[in-house]
Amino acid sequence: MGWLFDAENWSGATGIPVRLLEHLAYTWLTLLIAAVIAVPLGAYVGHTGRGGFLIVGLTNGLRALPTMAVLILVVLWAGIGDLPVYTALVLLAIPPIMAGTYAGIRAVEPATVDAARGVGMRERAVLLQVELPNSLPLVFGGFRSAALQVVATATIAAYVGAGGLGRYVFDGLAFQEYDQMLGGAVLVAVLAVLVDLVFVGLQRLTVSPGLRPVGTGGKS
Amino acid sequence: MIEFRAVTKRFEDGTIAVDELDLVVEAGTITVFVGPSGCGKTTSLRMVNRMIDSTSGTILVDGKDVMSVDPPTLRLGIGYVIQQAGLFPHRTVLDNVATVPLLSGWDRKRARTRAAELLETVGLDSGFAKRYPAQLSGGQQQRVGVARALAADPPVLLMDEPFSAVDPIVREGLQDELLRLQGELGKTIVFVTHDIDEALKLGDRVAVFREGGHLAQYAKPAELLSAPANDFVASFAGRDRGYRTLTFLRADVPVREVTTATLGSTVTSNGWVLAVDENRRPVGWLSPVDGATEVTADKLISGGSLYDGSSLRAALDAALSSPSALGVTVDPDGAVVGVVQADDVLKALATARAAGEVPS
């Protein structure tokens, strides 16, 4: 573990802070792009109830794709750079987010949705004011599992010459510097936990106290 | 006023849920749709606010064809209460009630003020405003559901089995509350239930539906019991309908005197003695004894139901349920005024019959 606490590794253009930020940047942008694609799709299918088979097929299909193979394919097609990394990671992040959103919307009590329409909400309002807020716990579940996978898998960016914490893992492997490799792996794990904690915080802030299990929250 | 003109609903699989329904719901009254499951009562209700569209026929709400208005706009003008309330779990009680005013374009402050007023109207104190539906009992949720439906002051209220998921005692309270509210507000209410007792209690008029979406009878509750249109209505109205008919009869039953004694006093009587508290409210009966007795709580036999002068049914029940066979009669403050006897009730019924008030 000496490598991890060596001050020399914490500074400079290839230091741990820089790699951490690179790694975080991959994660955030990946989740953002995946969300823009997966949330509306999951929400639309969940709301209309049409095309549920599409969600299941798409998520299963994407989950079966080996991320490494996607990465190399896109490198062969578009060359080294960020594009192959994001393509591979976004394809990885879409299934859990889409499945979470879809499941969240489907799980909203039918009586609640019936009441929403019955009091005069238009379809848009039914989705935005009732279905989405009530599906947030499951939507967050999807995001958290996507985030964990992306943080862990973003290491392969280094495999095609990009940055991130994966550098330590692949360089360590190449130079047989196993303490560097282990240090990189530990950093990835710690980062995954921290990112998850951020999501827990976000969830606390955005999910209505009315949706917490009775007796555990919600001031009375 | 709501008018059904030859309204039919045929589902895609060919089943006919409602068959050529003709019916007028008078403004300012409660009309109850009652019948067994699958009789089309809920479908009929949901066609009024277009949660379901009719296959043919016309439904007019205050003279306007519902098909000429787009559904969300139509629904904003019609209160809607459903089973188990259907509250929005992520919104506080206050925001649930403010939903319709906000959708109708009121500003937030005015909507919330209105919502707070309504919570009071339905009997929930302001402490409930900030709670979430999951923190409320079934009865409280249903009150919030009613408040939400009333929020934008719609002239018409549709209630789809609103009280069926709460226990009988709470349900009775909610029914009384609805009648009290209706006394103040005078809405045009369509109320769906499968419970004939609820229908008879709440309805100014009751529409009995039977399987296949046929209207079996549409009449006032008393008429439904005393003159059922056919065997279906007679059997649906139940075995006790002779007894229940008494609910709708108000006749003079002679009120007799009774020996009363306050708790702690000493009484001499060879008949039943009614023990009362300092406000003359009944607390129990003392069975006949020889000689002077002190009236103490441990000697008392608890009494039956009380007769408040409302109906012959209440009078008869008071007499039948009392251990002394004397039905305790009370004034509006709950103080004892006397007792009624079962045979007097039956005599009053015979007199009413002779006068032609009750079809015999």
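- If you check an unreviewed UniProt entry, chain B appears there as ABC-type quaternary amine transporter from Lentzea tibetensis.
- As stated in UniProt under Sequence similarities (unreviewed entry), the record for chain B gives "Belongs to the ABC transporter superfamily."

- Within an unreviewed UniProt entry, the label attached to chain A reads ABC transporter permease, and the organism entered is Lentzea tibetensis.
- The UniProt entry for chain A carries the following comment under Sequence similarities (unreviewed entry): "Belongs to the binding-protein-dependent transport system permease family."

1. So, the interface of chain B and chain A
So, point 1. The interface of chain B with chain A comprises 22 residues on the first partner and 20 residues on the second.
So, point 2. At the level of elements, helix 2 (71–76), strand 6 (78–82) and helix 3 (93–103) of chain B are the ones that each hand at least two residues to the side of chain B that touches chain A.
So, point 3. In terms of residue class, the side of chain B that touches chain A is built from 12 nonpolar, 6 polar and 4 charged.

2. Observations regarding the UniProt feature "domain: ABC transmembrane type-1" (unreviewed entry) in chain A
So, point 1. The residues that UniProt annotates with the feature "domain: ABC transmembrane type-1" (unreviewed entry) are residues 20–199 of chain A.
So, point 2. Between the end C-alpha atoms of residues 20–199 of chain A there is a gap of 18 Å, over a span that is 83% helix and 0% strand.

3. A look at helix 1 (residues 41–48) of chain B
So, point 1. The buried fraction of helix 1 of chain B is high, at 8 of 8 residues.
So, point 2. Buried within helix 1 of chain B we find Lys41(B), Thr42(B), Thr43(B), Ser44(B), Leu45(B), Arg46(B), Met47(B) and Val48(B).

4. Digging into the sheet that holds strand 11 (residues 260–262) of chain B
All names here are of chain B.
So, point 1. Strands sit in the order 11-13-14 across an open sheet of 3 strands; the sheet is mixed. Only two strands of the sheet have a single partner each, and these edge strands are strand 11 and strand 14 (282–286). For this sheet the average axis-to-axis angle between neighbouring strands, irrespective of direction, equals 35°.
So, point 2. With 3 bridges joining them, strand 11 and strand 13 (residues 273–276) adopt parallel strand pairing. Paired with Ala-261 across the bridge in strand 13 is Ala-275.

5. Some points on the domain arrangement of chain B
All names here are of chain B.
So, point 1. The domain architecture assigned to chain B consists of domain 1 (2–248) and domain 2 (260–353).
So, point 2. A straight line from the C-alpha centre of domain 1 to that of domain 2 covers 39 Å.
So, point 3. At the junction of the two partners, domain 1 supplies 5 residues and domain 2 supplies 4 residues.
So, point 4. Considering only residue class, the side of domain 1 that touches domain 2 consists of 3 nonpolar, 1 polar and 1 charged.

6. Notes on the sheet that holds strand 4 (residues 56–61) of chain B
Residues and elements named next belong to chain B.
So, point 1. The strand order across the open sheet formed by 4 strands is 2-1-4-5, and the pairing between neighbours is antiparallel. Whereas interior strands pair on both sides, the edge strands pair on one side only; in this sheet they are strand 2 (16–25) and strand 5 (64–65).
So, point 2. Pairing geometry for strand 1 (residues 2–10) and strand 2, over 6 bridges, is antiparallel. Bridge assignment links Phe-4 to a residue of strand 2, and that residue is Leu-23.

7. Brief notes about the pairing of strand 16 (residues 326–330) of chain B
Residue and element names in this part refer to chain B.
So, point 1. With 4 of its 5 residues buried, strand 16 lies for the most part within the structure.
So, point 2. Across 5 bridges, strand 16 lies against strand 17 (residues 336–341) in antiparallel orientation. Paired with Val-330 across the strands is Val-336, a residue of strand 17.
So, point 3. Counted along the chain from strand 16 to the antiparallel partner strand 17, the turn is 5 residues long, and its residue Gly-334 has a positive phi close to 90°.

8. Things to note about the UniProt feature "domain: ABC transporter" (unreviewed entry) in chain B
So, point 1. The sites that carry the UniProt feature "domain: ABC transporter" (unreviewed entry) are, in the present numbering, residues 2–237 of chain B.
So, point 2. Along residues 2–237 of chain B one finds 38% helix and 25% strand; the C-alpha atoms at either end are 25 Å apart.

9. Description of helix 1 (residues 16–48) of chain A
Residues spaced three or four apart along an α-helix point in a common direction, a consequence of the helix completing one turn every 3.6 residues.
All names here are of chain A.
So, point 1. Taking 1.5 Å of rise per residue, the 33 residues of helix 1 would be expected to cover 48 Å, and the 47 Å separating its terminal C-alpha atoms lies within 8% of that figure.
So, point 2. At Ala-35, helix 1 is bent by approximately 35°, the largest bend along its length.
So, point 3. Positive phi shows up at Gly-49, right after helix 1, with a value of about 75°.

Rules used in this analysis
Residues numbered from 1 in each chain as written. Chains lettered and ligands numbered in written order. Predicted model: local features only at pLDDT ≥ 70, side-chain atom pairs only at ≥ 80, totals over all residues. UniProt positions renumbered as here; feature names shortened; annotations may be inferred. Contact = placed C-beta atoms within 7 Å. Helix = DSSP H or I, 4+ residues; strand = E, 2+ residues; numbered from the N terminus. Nonpolar A, V, L, I, M, F, W, Y, C, P; charged D, E, K, R; others polar. Buried ≥ 20, exposed ≤ 12 C-beta atoms within 10 Å, placed from the backbone. Pairing = 2+ DSSP bridges. Axes fitted to C-alpha atoms, helices over the stretch in contact; angles between N-to-C directions. Domains from an automatic or database assignment. Expected span 1.5 Å × (residues − 1). Bend = angle between axes of the 7 residues up to and from the residue.

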